[in-house]
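Spelled out from the first residue to the last, the chains are:
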Amino acid sequence: MGGGAAHPAHAHGGGGGGGGGGGPLDVWLPVLALLVCAAAYALAVRRARRRNPAQGWPPTRSMSFAAGLVLMAVALLPPLAPFAHRDFRGHMAQHLLLGMYAPLALVLAAPVTLLLRALPPHRGRRLTAVLRSRPARLLAHPVTALLLTTGGLVLLYFTPLYDTTMGRPGWHWLTHTHFLLSGWLFAYVIAGPDPAPARPGVPARLVVLGLAIAAHATIAQLMYGGFWVEVHAPIAEVQGGAEIMYYGGDVAELLLAATLVATWRPVRTPRSGYGTRLRSVRRPTGRLEEGIRDGGP
């Protein structure tokens, strides 16, 4: 990354605050939440297999969900969690795990498809109606997901919000929740195997992913140079956090791009005259009706 003069505000104050990370509740609450998520997923897998023993459920999906939970545990438990409250570099590592790496693993576990297979048909139809509603289509649009992820970063690091959240445990956990949910939504609409009625074609999603990569790189470079940043932490910590965001974010986005390209299956269509024409299509990701009838990916 390029160099630059750090913002004077970075030269004073600590990297962390009183947002938690050291008390027993800060350990046991995340552990309990992760165990509940693991149990819920395992129960859904059991019901899906019981409803359709011949089809079952791919073990790779379950492994992906377990990997996502492990990444969340690394982010929310010691030693990283206490370090993140003392050092901005630890906070940025937390952000990458919760906002980019764990969501991709959770999305590849296809939780929506699993839920459609596990639910009784009438409840599956209700879920289908929700997924096809206008608000759901708007929320699941790639541009909406892009604004939620990148916009959240701008608000957190270029306003006093970061220092506020570090001093208030409730706000701090709300920030974690935003990272996780917005990251999951972005991975879901870009490359998720679950059904998404409003999902555009692969070329359009590649464009949105490219915009996200450019936005994250720009934010990281501005942080490294200290331009307009409102993070009161030592210069070395802010620059180190910016480097983690820059390089670690690149790796996560490359993984997301590879997942997206893996769903792209160009097919040849005949045309008049010599040669053939290539038409880019998505590999089927499972229709909602198929999910209700024990179908889907």
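Residues numbered from 1 in each chain as written. Predicted model: local features only at pLDDT ≥ 70, side-chain atom pairs only at ≥ 80, totals over all residues. Heavy atoms only, no water.

**Focus on the overall build of the protein chain**
Line of reasoning, step 1. A tally of regular secondary structure across the protein chain gives 13 helices and two strands.
Line of reasoning, step 2. Counting the 297 residues in the protein chain, one finds 45% classified as buried.
Line of reasoning, step 3. Taking as baseline every contact in the protein chain between residues at least 6 positions apart, the subset at least 24 positions apart corresponds to 77%. (Helix = DSSP H or I, 4+ residues; strand = E, 2+ residues; numbered from the N terminus. Buried < 20%, exposed > 50% of the residue type's maximum accessible area, 1.4 Å probe, protein only. Contact = heavy atoms within 4.5 Å.)

**Examining the packing of aromatic side chains**
Line of reasoning, step 1. The full count for this structure, using the stated rule, is seven aromatic pairs.
Line of reasoning, step 2. Where Tyr41 meets Phe65, the ring centres are 4.1 Å apart and the plane angle is 10 degrees; that geometry is what we call stacked. Taken together, the positions of Tyr41 in helix 1 (residues 24-51) and Phe65 in helix 2 (residues 59-76) put the pair 24 residues apart, joining distant regions of the chain. Taken as a pair, Tyr41 and Phe65 share a single burial class, namely buried.
Line of reasoning, step 3. Ring plane angle 80 degrees and centroid distance 5.4 Å describe the contact between Phe88 and Tyr162, whose orientation is recorded as edge-to-face. Here Phe88, found in helix 4 (residues 88-108), pairs with Tyr162, found in helix 9 (residues 161-167); they are 74 residues apart in sequence, far enough to count as distant.
Line of reasoning, step 4. Taking relative accessible area as the criterion, Tyr162 reaches 1% and is therefore assigned buried. (Phe/Tyr/Trp six-rings, centres within 6.5 Å; stacked < 30°, edge-to-face > 60°.)

**Considerations on the side chain of Thr149**
Line of reasoning, step 1. Locating Thr149 in the fold gives a position in helix 8 (residues 142-157).
Line of reasoning, step 2. Among all residues touching Thr149, those that are not within four sequence positions of it are Ser182, Gly183 and Phe186.

**Brief notes about the environment of Met100**
Line of reasoning, step 1. Here Met100 lies in helix 4.
Line of reasoning, step 2. Taking the C-alpha atoms as reference, Met100 lies 7.5 Å from Gly249; in sequence the two are 149 residues apart.
Line of reasoning, step 3. The contact partners of Met100, leaving out residues within four places of it in the chain, are His95, His216, Gly249, Ala252 and Glu253.

**A short note on the pattern of salt bridges**
Line of reasoning, step 1. Applying the stated criterion to the full structure yields one salt bridge.
Line of reasoning, step 2. Arg89 serves as the salt-bridge partner of Asp87, at 2.6 Å between the closest nitrogen and oxygen. (Salt bridge = Lys/Arg side-chain N within 4 Å of Asp/Glu carboxyl O.)

**Quick look at the nonpolar core**
Line of reasoning, step 1. Within the largest apolar cluster, 40 residues are counted, with the highest numbers of intra-cluster contacts made by Met72, Phe88, Tyr157, Met223 and Val231.
Line of reasoning, step 2. Residue contributions to this core peak at six residues, all from helix 4.
Line of reasoning, step 3. Apart from residues no more than four positions distant in its own chain, Met72 is found in contact with Leu34, Leu98, Ala102, Leu106 and Leu180.
Line of reasoning, step 4. Judged by nonpolar contacts, the second largest core, of 20 residues, contains Leu185, Val202, Leu256 and Leu260. (Core = buried A, V, L, I, M, F, W, Y, C linked by side-chain atoms within 4.5 Å.)

**Quick word on helix 2**
Line of reasoning, step 1. With 18 residues, helix 2 extends 26 Å between its outermost C-alpha atoms, agreeing within 8% with the 26 Å of an ideal straight helix rising 1.5 Å per residue.
Line of reasoning, step 2. Those residues of helix 2 that fall on the buried side of the exposure criterion are Arg61, Ser64, Phe65, Gly68, Leu69, Met72, Ala75 and Leu76. With its buried residues spanning 135 degrees around the axis, helix 2 presents them on a single face. Residues of helix 2 that are exposed and point over 90 degrees away from its buried face: Pro59, Thr60, Met63 and Val70.
Line of reasoning, step 3. Looking at the buried positions of helix 2, the neighbouring elements they touch are helix 1, helix 3 (80-86), helix 4 and helix 10 (169-191). (Expected span 1.5 Å × (residues − 1). Arc of directions from axis to C-beta.)

**Description of unusual backbone geometry**
Line of reasoning, step 1. Across the junction of Pro78 and Pro79, the peptide omega takes the value 10 degrees, indicating a cis bond.
Line of reasoning, step 2. Turning to its location among the elements, Pro79 is positioned in the loop between helix 2 and helix 3.
Line of reasoning, step 3. Phi at Ala110 is positive, roughly 50 degrees, even though this residue is not glycine.
Line of reasoning, step 4. Here Ala110 shows up in the loop between helix 4 and helix 5 (111-118).
Line of reasoning, step 5. In this model, Trp228 sits at a positive phi of 65 degrees, which is unusual for a non-glycine residue.

**Some thoughts on the confidence of the model for the protein chain**
Line of reasoning, step 1. Averaged over the protein chain, the pLDDT score is 85; the fraction of residues at 70 or greater is 81%.
Line of reasoning, step 2. Contacts from residues 282-287, a stretch scored under 50 in pLDDT, to residues over four places away or in other chains number 20 contacts.
Line of reasoning, step 3. In the model, residues 292-297 has pLDDT below 50 throughout and makes 27 contacts with residues more than four positions away in sequence or in other chains. (pLDDT = per-residue confidence, 0-100.)

**A few points about helix 8**
Line of reasoning, step 1. For helix 8, with 16 residues, the first-to-last C-alpha span of 23 Å sits near the 22 Å given by 1.5 Å per residue.
Line of reasoning, step 2. For helix 8, the complete set of buried residues consists of Pro142, Thr144, Ala145, Leu146, Thr149, Thr150, Gly152, Leu153, Leu156 and Tyr157.
Line of reasoning, step 3. Close packing links the buried residues of helix 8 with helix 4, helix 7 (134-139), helix 9, helix 10, helix 11 (202-225) and helix 12 (235-262).

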